[in-house]
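If you want the building blocks of each chain, they are given just below.
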6 protein chains.
Amino acid sequence: MTQNADQYRVRKEPYYRAVQDEIELYRAGYEARIPMMLKGPTGCGKSRFVEHMAWKLNRPLITIACNEDMTASDLVGRYLLDKDGTRWQDGPLTVAARIGAICYLDEIVEARQDTIVVIHPLTDHRRVLPLEKKGELVEAHPDFQIVISYNPGYQSLMKDLKQSTKQRFGALDFDYPKPDIEAEIVSHEAGVDKDTAEKLVQIAQKARNLKGHGLDEGLSTRLLVYAGKLIAKGVDARAACTMTLVNPITDDVDMRDALDTVVKTFF
Amino acid sequence: MTQNADQYRVRKEPYYRAVQDEIELYRAGYEARIPMMLKGPTGCGKSRFVEHMAWKLNRPLITIACNEDMTASDLVGRYLLDKDGTRWQDGPLTVAARIGAICYLDEIVEARQDTIVVIHPLTDHRRVLPLEKKGELVEAHPDFQIVISYNPGYQSLMKDLKQSTKQRFGALDFDYPKPDIEAEIVSHEAGVDKDTAEKLVQIAQKARNLKGHGLDEGLSTRLLVYAGKLIAKGVDARAACTMTLVNPITDDVDMRDALDTVVKTFF
Amino acid sequence: MTQNADQYRVRKEPYYRAVQDEIELYRAGYEARIPMMLKGPTGCGKSRFVEHMAWKLNRPLITIACNEDMTASDLVGRYLLDKDGTRWQDGPLTVAARIGAICYLDEIVEARQDTIVVIHPLTDHRRVLPLEKKGELVEAHPDFQIVISYNPGYQSLMKDLKQSTKQRFGALDFDYPKPDIEAEIVSHEAGVDKDTAEKLVQIAQKARNLKGHGLDEGLSTRLLVYAGKLIAKGVDARAACTMTLVNPITDDVDMRDALDTVVKTFF
Amino acid sequence: MTQNADQYRVRKEPYYRAVQDEIELYRAGYEARIPMMLKGPTGCGKSRFVEHMAWKLNRPLITIACNEDMTASDLVGRYLLDKDGTRWQDGPLTVAARIGAICYLDEIVEARQDTIVVIHPLTDHRRVLPLEKKGELVEAHPDFQIVISYNPGYQSLMKDLKQSTKQRFGALDFDYPKPDIEAEIVSHEAGVDKDTAEKLVQIAQKARNLKGHGLDEGLSTRLLVYAGKLIAKGVDARAACTMTLVNPITDDVDMRDALDTVVKTFF
Amino acid sequence: MTQNADQYRVRKEPYYRAVQDEIELYRAGYEARIPMMLKGPTGCGKSRFVEHMAWKLNRPLITIACNEDMTASDLVGRYLLDKDGTRWQDGPLTVAARIGAICYLDEIVEARQDTIVVIHPLTDHRRVLPLEKKGELVEAHPDFQIVISYNPGYQSLMKDLKQSTKQRFGALDFDYPKPDIEAEIVSHEAGVDKDTAEKLVQIAQKARNLKGHGLDEGLSTRLLVYAGKLIAKGVDARAACTMTLVNPITDDVDMRDALDTVVKTFF
Amino acid sequence: MTQNADQYRVRKEPYYRAVQDEIELYRAGYEARIPMMLKGPTGCGKSRFVEHMAWKLNRPLITIACNEDMTASDLVGRYLLDKDGTRWQDGPLTVAARIGAICYLDEIVEARQDTIVVIHPLTDHRRVLPLEKKGELVEAHPDFQIVISYNPGYQSLMKDLKQSTKQRFGALDFDYPKPDIEAEIVSHEAGVDKDTAEKLVQIAQKARNLKGHGLDEGLSTRLLVYAGKLIAKGVDARAACTMTLVNPITDDVDMRDALDTVVKTFF
């Protein structure tokens, strides 16, 4: 076997602050080997959660960042040319199925839904992956599980999962953490004091109210951590917020003014 | 021959609970070597049925998960480069034709209909497959049969079979099983008691009435089995239902409320 | 030469029941080496007719199932990699031109019309095929002829032959056979008695009247043969008709009722 | 040099009946090495004319049937893999430029106009062809000339030559020959007597009046020759005309009646 | 180095008749190594001008005829397979950057603007070309310059240069030469007397007034030279004009009449 | 390792005139390893700024000129064929991640946003790059940072960054420098006296007011430098301005008149 499961081990516990009972529900889903779908906005912690669970369950984790160029061959494998001719190279999905990894398809709606159907035989009672180009039928390792992430805010007529895909998954909802928990996260990740973290979270909450009223998406926890890190480096808090919480997400002059005003209320 | 028919044998009897006379009709169709089309919604048991019939008829089964990237070469075969130059590799359709397998094209409308025309010469009196790139005319093994599955709910102007394809098949209709049979299936598959299974089926029936009134598709039997499995693992029944019967299929807030209310009526 | 004409011989006389003077007209067309176009609906016997004529004229027959993925190279040939480097492999059109076969392009409108123009130099006074990638000009064997099939019902703005293609062919019209002839065919092919065959033909005639009033296409002779075969296997006649004459061609509930009613009139 | 000019010689004089002063004008254009454009409807003799002129001027003739798949590499050349690695293979345009052939791009509007721009440097004062992939600048042989054919009836917003292409050519107009000349051609080519040929031409003239009133294109001389050949084989004149002058060009019932009526007036 | 600068030398002085101060302005632009854009209609002498300047400045000239198929690799280079494996082959842009040539991208709007962005790093202060596939950063030779040609008449929403491309160039406007200069050019190039040349120029001027009133583009100087050459070969002047000034540029009957009338005024 | 970090060093200090506190903010962002987004119009100095910062921070700089043809493989790497078979070649993004370079994705909106998602795992807490085709998970060097440039003026429905991409970056706004600073830059770069530089800047300011009123984009500092260089070569100031500030940016006659009038006010 050309693949080594060890390189996919999550070596140290990733920081994850549970918001509700998501850890227990996921664990039960994993035990029943139900494919899982994590729903929620950009930067709210879905990827971190999967890493945390892979670490907790002690399973290798193979992450695939989905994109529209991704073909079925990129998932499943292909023939490569060697000095002795062609040899087959398993794709990451096949590797995961063989070694019993958790296979995490990140931002699945970015992939063409016509590509995604290759996971179907792995996500029902069959738990197999036909390698049609190779003429092999891979039976998934008993520990193998598929997890996908999905941002409902992106859902559109063109970019939505097919029902025949959706109905293969159990789903957990994610959202921005509650203020106190989010402040705890920002403080821990950015290395700023509680007070600063709380102010950043309050700014985020006000900005999130603008979603749908000029902003396409709420401010992510990740951007709050960026702001905190800059402040921890000694950057002026207002400049840090403009650079991380205002400039990246909008070019609209009025929206920038509104956000800058919010920032000035706190710093 | 590079392909081994044995790996395509269905080794143990797949659980299948007959709903009507579909087993007898299929058997007669197979005996007359009529290509078959299985119509019905997502997750109602079409794939399981084909496996069951392949086991019953003792034929190898080659399943092809259709997708839009699938080319005629993926079905028929292609030249690969070897240390002695190129060598031909049969595709799964060609293998099936040679070894006399049942070739199951799952979710056929996902494939481009222009690709699907390559099956035409195998589905009329000729029963041949011209390998144009290789310059060989494969005559199908006497036991060979093509089966396709088809979800009429997906039927659209863009994604429908051509009449010249449709008129090559006999067709069997599938639907969700009747309540008592479905409860039996859920109980058997998920390992829950009859009472829980019946409640889950009742929830499904109410949800299926919402199809076309906010839901694109009815709740599949598969999701009921998921819910049952989580309950069997000790997960709270309401949480299990939210995770498997509500969250995966809709992000609409009102629809979720409606479904949650249904769940609460039973658990 | 890598191609063997013998494998393209039609070995035994294919059953074909002449409807009018199509055999004589085709023979005269072949003798004048006029390229021929066979027009008519799905499943009315065009492919069978070409096989029959190839057998009668004792010419090899090379059939190409046209599809939208088909490139000029698929028809004409391409370079393959060998242990001594690349070698040229003739495509089926080139093989047919070299060995003097009848080359049958089935369902030509499925191919992109921009691909089809490669047959032009073979279908006028030049009777040559330039292999541009190889730098060779193939002169067609004196016995070579091109035949295409064409379903006028599919004709659309997007999918129609160019006039510069059409005006290279003589054309024969095909339609469903007259009732007595069709019954004879169904009886012969399906192995049912005359009476059953006649009933099936009567059902077909009623269904064909629905073309354009809810059905896209008339019921093909092929489906009648399927129904007959199932009845010959002992399947209940109504179930056999539903499976082969109703379910495959429509999912519309009203249309299915109408067709089922027709079936019940006869069985 | 891997290409042999001899295979592109037109070996015997192609039958061509001059209609006006096109032979003299073409000869003068060739002597001034002006690239030439032949305009006219399908099947009126443009290709035959070029062959005739190549024979008269004693130049090799390389014909390229343009199609939308044609890439710049198909015209110019590409690297092929040999046992010693890649080697360059000239495309037909490059061969023509090297050996001083007349290069005939048939039905040029079928090619994408973005491909056609590769001929530009060969059609102005530079008379060179840059092989960018090979890093060679081919200077055209002094006898080299480019000729293109062009059907103005196909001209559309999507499929028309760019002005920057058009303004590189002198242009000769072609049309169906005058009745007496066309009858002479049909009689000579089909081997029918003058009287039959004249009747066929009269049918064609009536049909050509329907262009734009239900027919997309006039009846070509080629189809008249087909009709004549069938009659010469003993086919009933009416059946021969239906098969070659009516069926190939329209499926419209009224139009077919109108054309059949015309046929019956003469036969 | 596999490329020889000598083959790109312009060996003898190309005939070019200066219209204004374009030679001095270009020379100053070249000395400041400012990338240059030559704007003007088809066939007015832009390509000739670049050749002339390359000769005057004694720089090699590498011309690239832009087309929509052109990829970044066609410009920059690619790996080819050799008997020892792959080897890198510089594309024409890379060659030009290495040897210090003038690189002339002819009809740049034909290229996809997304391809054209690869020239950006060569057209600002960096003067480098990153060969991303090879992992090499080519610094342009001090004598290297990019020149592009551009027909504003083609400018459209779909086919226009990006502002981020435009703002990298100085631009010179070209137009048809003034009558006396154009007559001089036609007389010199076609070998006709002054009087004939003047008549041809007068015809062109009248035709150019029709631009936008039925003609898409004015008559190019190149076509006048064609007409002159035919007249010099003894072709009747009216026939020569029809063949070169009327037929190539329009199929509209009224427009042709108008142009023919203009021709008859002078010949 | 096949890549040498040294070739990516910026060898001498690039001239950069700070406009505000952008140097300090960028430095803090780099220290916190926050991915950075530089926003601003064409030719205002974003690329120069990155070079300057790479020099100041003493990091290798790998620049990628984004274009629509760019695939994930162009960024990440691919297998190449060697005499011993295929070998992996890192793409520029992978090289940058391994050697700890600043990776600058210039004009990121030119790339398809579906390609850009491959940078996501490098721009959150994971700082890894999965090489799916190779089966390797690259952990970014601690010094690695991603910087992108972005022209908000190009922002459109079709060409805008996804929110899930935007929310991974801190952002700095760039604009044309203030008049005195811009004049200083023009004078330094073009080698003209202060007075000429100031006049050029005043012309630019007037032209920039026309943005949105006939001009798509303001005049870049780069074009002012071009004008200055030509004047420094002795070209008449008006001719120099027409060639660099008027002709390249518009073909509209009225707009050109307006701009020429502005030029004449100063020169």
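The model shown is predicted, which means the values in this text are computed figures rather than measured ones.

Remarks on the overall build of chain A
Here is step 1 of the chain: Helix and strand counts for chain A come out as eleven helices and nine strands.
Here is step 2 of the chain: With respect to the principal axes defined by its C-alpha atoms, chain A has extents near 65 × 40 × 35 Å.
Here is step 3 of the chain: Buried residues in chain A amount to 64% of all 267 residues.
Here is step 4 of the chain: Within chain A, contacts between residues separated by at least 24 positions form 72% of all contacts whose residues are at least 6 apart in sequence.
Here is step 5 of the chain: Surface accessibility of chain A: about 9,800 Å² in total, with carbon and sulfur atoms responsible for 48%.

Describing the arrangement of the chains
Here is step 1 of the chain: When C-alpha atoms are compared, chain A and chain E, though not in contact, are closest at a spacing of 10 Å.
Here is step 2 of the chain: The two partners chain D and chain F share no contact, and the minimum distance between any of their C-alpha atoms is 10 Å.

Focus: the domain arrangement of chain A
Residues and elements named next belong to chain A.
Here is step 1 of the chain: Partitioning chain A into structural domains gives domain 1 (6-173) and domain 2 (179-266).
Here is step 2 of the chain: Here the C-alpha centroids of domain 1 and domain 2 sit 32 Å apart.
Here is step 3 of the chain: Each partner contributes residues to the interface: domain 1 has ten residues there, and domain 2 has nine residues.
Here is step 4 of the chain: Taken together, both faces of the contact between domain 1 and domain 2 bury some 850 Å²; the carbon and sulfur share is 50%.
Here is step 5 of the chain: It is Tyr-15, Arg-17 and Gly-43 that lose the most area in domain 1 upon contact with domain 2, and together they represent 61% of the buried surface on that side.
Here is step 6 of the chain: Our count for the contact surface shared by domain 1 and domain 2 stands at two salt bridges.
Here is step 7 of the chain: The salt bridge involving Arg-17 is made with Glu-184; its shortest N-O contact spans 2.7 Å.
Here is step 8 of the chain: In this assembly, domain 1 and domain 2 are joined by four residue pairs in polar contact (both at pLDDT 80 or more).

Overview of the side chain of Arg208(E)
Here is step 1 of the chain: With respect to the element layout, Arg208(E) can be found in helix α8 (residues 194-208).
Here is step 2 of the chain: Residue Arg208(E) is classed as buried on the basis of its relative accessible area, which comes to 14%.

Section: empty space enclosed by the protein
Here is step 1 of the chain: Applying the stated criterion across every chain, the model contains four cavities of 30 Å³ or more.
Here is step 2 of the chain: Estimates place the volume of the largest cavity at around 130 Å³.
Here is step 3 of the chain: What lines the largest cavity is a set of 15 residues, among which Glu132(E), Gly135(E), Tyr8(F), Ile62(F) and Pro92(F) lie closest to the centre.
Here is step 4 of the chain: It is strand β2 (residues 61-65) of chain F that contributes the most residues to the lining of the largest cavity, three residues altogether.
Here is step 5 of the chain: Considered class by class, the residues forming the lining of the largest cavity number eight nonpolar, four polar and three charged.
Here is step 6 of the chain: Taken as a whole, the second largest cavity spans an internal volume of roughly 60 Å³.

Observations regarding the sheet that holds strand β8 (residues 145-150) of chain C
Where strands meet in a sheet, backbone hydrogen bonds hold them as pairs that are either parallel or antiparallel.
Residues and elements named next belong to chain C.
Here is step 1 of the chain: Strands sit in the order β2-β5-β8-β1-β9 across an open sheet of five strands; the sheet is parallel. The strands lining the two open edges of the sheet, one partner per strand, are β2 (61-65) and β9 (170-173). Between one strand and the next, the sheet's axes are offset by a mean angle of 20°, whatever the strand orientation.
Here is step 2 of the chain: The pairing of β2 with strand β5 (residues 102-106) spans five bridges and is classified as parallel. Bridged to Leu-61 within β5 is Ile-102.
Here is step 3 of the chain: Along the sheet face, helix α4 (residues 92-99) touches β2, β5 and β8 and points at about 160° away from the line of β2.

Some words on the nonpolar core
Here is step 1 of the chain: If you look at the biggest cluster of nonpolar residues, it comprises 57 residues, and the most contacted ones within it are Tyr26(C), Phe49(C), Ile102(C), Leu172(C) and Leu245(D).
Here is step 2 of the chain: Residues within four places of Leu172(C) in sequence aside, it is in contact with Glu22(C), Leu25(C), Tyr26(C), Met36(C), Met37(C), Leu38(C), Lys39(C), Phe49(C), Met243(D) and Asn247(D).

A few points about the relation of the copies chain B and chain A
Here is step 1 of the chain: When chain B is fitted to chain A, the best match, at an RMSD of 0.0 Å, comes from turning it 60° and sliding it 0.0 Å along the axis. One copy is carried onto the other by what is essentially a six-fold rotation axis.
Here is step 2 of the chain: Taken together, the interface assignments show that only 2% of the residues at the interface of chain B recur at the interface of chain A, consistent with different surfaces on the two copies.

Comments concerning the packing of helix α8 (residues 194-208) of chain D against helix α11 (residues 253-266) of chain D
Residues and elements named next belong to chain D.
Here is step 1 of the chain: At a minimum axis distance of 10 Å, the contact between α8 and α11 shows a crossing angle of 150°. Classified by the angle between their axes, α8 and α11 sit roughly antiparallel to one another. Here α8 and α11 pass one another in a crossing that is right-handed. Of the residues in α11, those touching α8 at Lys-199, Gln-202, Ile-203, Lys-206 and Ala-207 are Leu-259, Val-262, Val-263 and Phe-266.
Here is step 2 of the chain: Here the residues of the contact of α8 with α11 are counted per class, giving six nonpolar, one polar and two charged.

Digging into the pattern of salt bridges
Here is step 1 of the chain: Counted according to the given criterion, the structure contains 120 salt bridges over all chains.
Here is step 2 of the chain: In this structure, Asp124(A) and Arg168(A) form a salt bridge, with 3.1 Å as the shortest nitrogen-oxygen distance. Of this pair, Asp124(A) sits in the loop between α5 (113-116) and β6 (128-131) while Arg168(A) sits in the loop between α6 (163-166) and β9 (170-173); the two residues are 44 residues apart in sequence, bridging distant segments of the chain. Exposure class is identical for Asp124(A) and Arg168(A). Each is buried.
Here is step 3 of the chain: One salt bridge connects Glu136(E) with Lys134(E), and the closest N-O pair in it is separated by 2.8 Å.
Here is step 4 of the chain: With a relative accessible area of 22%, Glu136(E) lands in the partly exposed category.
Here is step 5 of the chain: Of the residues examined, Lys134(E) reaches a relative accessible area of 29% and is grouped as partly exposed.
Here is step 6 of the chain: Beyond isolated ion pairs, a larger network of salt bridges with shared partners links Asp106(A), Glu107(A), Asp124(F), Arg126(F) and Arg168(F).

Describing the sheet that holds strand β1 (residues 36-39) of chain F
Residue and element names in this part refer to chain F.
Here is step 1 of the chain: One open sheet holds the five strands; their spatial order is β2-β5-β8-β1-β9, and the pairing between them is parallel. Strands with a single pairing partner mark the edges of an open sheet, and in this sheet they are β2 and β9 (170-173). When strand polarity is set aside, the average angle formed by the axes of neighbouring strands in this sheet is 20°.

Looking at the UniProt feature "domain: CbbQ/NirQ/NorQ C-terminal" (unreviewed entry) in chain A
Here is step 1 of the chain: What UniProt calls "domain: CbbQ/NirQ/NorQ C-terminal" (unreviewed entry) maps, in this numbering, to residues 182-265 of chain A.
Here is step 2 of the chain: Helix makes up 70% of residues 182-265 of chain A and strand 0%. Its end C-alpha atoms lie 20 Å apart.

As for the packing of aromatic side chains
Both the distance between ring centres and the angle between the ring planes are used here to describe each pair of aromatic rings.
All names here are of chain B.
Here is step 1 of the chain: Inspection of every chain in the model, using the stated rule, returns 18 aromatic pairs over all chains.
Here is step 2 of the chain: Measuring from centroid to centroid gives 5.6 Å for Tyr-26 and Phe-49, while their planes differ by 85°, and the two rings are edge-to-face. Here Phe-49 lies in helix α2 (residues 46-57) and Tyr-26 lies in helix α1 (residues 22-31), a separation of 23 residues in the sequence. The pair formed by Tyr-26 and Phe-49 is uniform in burial state, with each residue classed as buried.

Some details on the interface of chain B and chain A
Here is step 1 of the chain: Counting residues at the interface gives 49 residues for chain B, matched by 50 residues for chain A.
Here is step 2 of the chain: The tally of links between chain B and chain A comes to five salt bridges.
Here is step 3 of the chain: The salt bridge involving Lys39(A) is made with Asp251(B); its shortest N-O contact spans 2.6 Å.
Here is step 4 of the chain: Counting the contacts that link chain B with chain A gives 14 residue pairs in polar contact (both at pLDDT 80 or more).
Here is step 5 of the chain: Taken together, the residues of the side of chain B that touches chain A sort by class into 17 nonpolar, twelve polar and 20 charged.

Reading the values: the criteria
Residues numbered from 1 in each chain as written. Chains lettered and ligands numbered in written order. Predicted model: local features only at pLDDT ≥ 70, side-chain atom pairs only at ≥ 80, totals over all residues. Heavy atoms only, no water. Helix = DSSP H or I, 4+ residues; strand = E, 2+ residues; numbered from the N terminus. Buried < 20%, exposed > 50% of the residue type's maximum accessible area, 1.4 Å probe, protein only. Contact = heavy atoms within 4.5 Å. Areas by Shrake-Rupley, 256 points an atom, 1.4 Å probe, with all protein chains shown as cover. Domains from an automatic or database assignment. Buried area = accessible area lost by both parts, 1.4 Å probe. Salt bridge = Lys/Arg side-chain N within 4 Å of Asp/Glu carboxyl O. Polar contact = N/O pair within 3.5 Å; in protein donor to acceptor, adjacent residues only side chain to side chain. 1 Å grid on protein atoms, 1.4 Å probe; cavity = no way out; pocket = protein on both sides within 12 Å on 5 of 7 lines; lining within 4 Å. Points joined across faces, edges and corners; volume = space filled by probe spheres on them. Nonpolar A, V, L, I, M, F, W, Y, C, P; charged D, E, K, R; others polar. Pairing = 2+ DSSP bridges. Axes fitted to C-alpha atoms, helices over the stretch in contact; angles between N-to-C directions. Core = buried A, V, L, I, M, F, W, Y, C linked by side-chain atoms within 4.5 Å. Least-squares fit on C-alpha atoms with pLDDT ≥ 70 in both. Parallel < 35°, antiparallel > 145°, perpendicular 65-115°, else oblique. Left-handed = near helix turned anticlockwise from the far one by under 90°. UniProt positions renumbered as here; feature names shortened; annotations may be inferred. Phe/Tyr/Trp six-rings, centres within 6.5 Å; stacked < 30°, edge-to-face > 60°.

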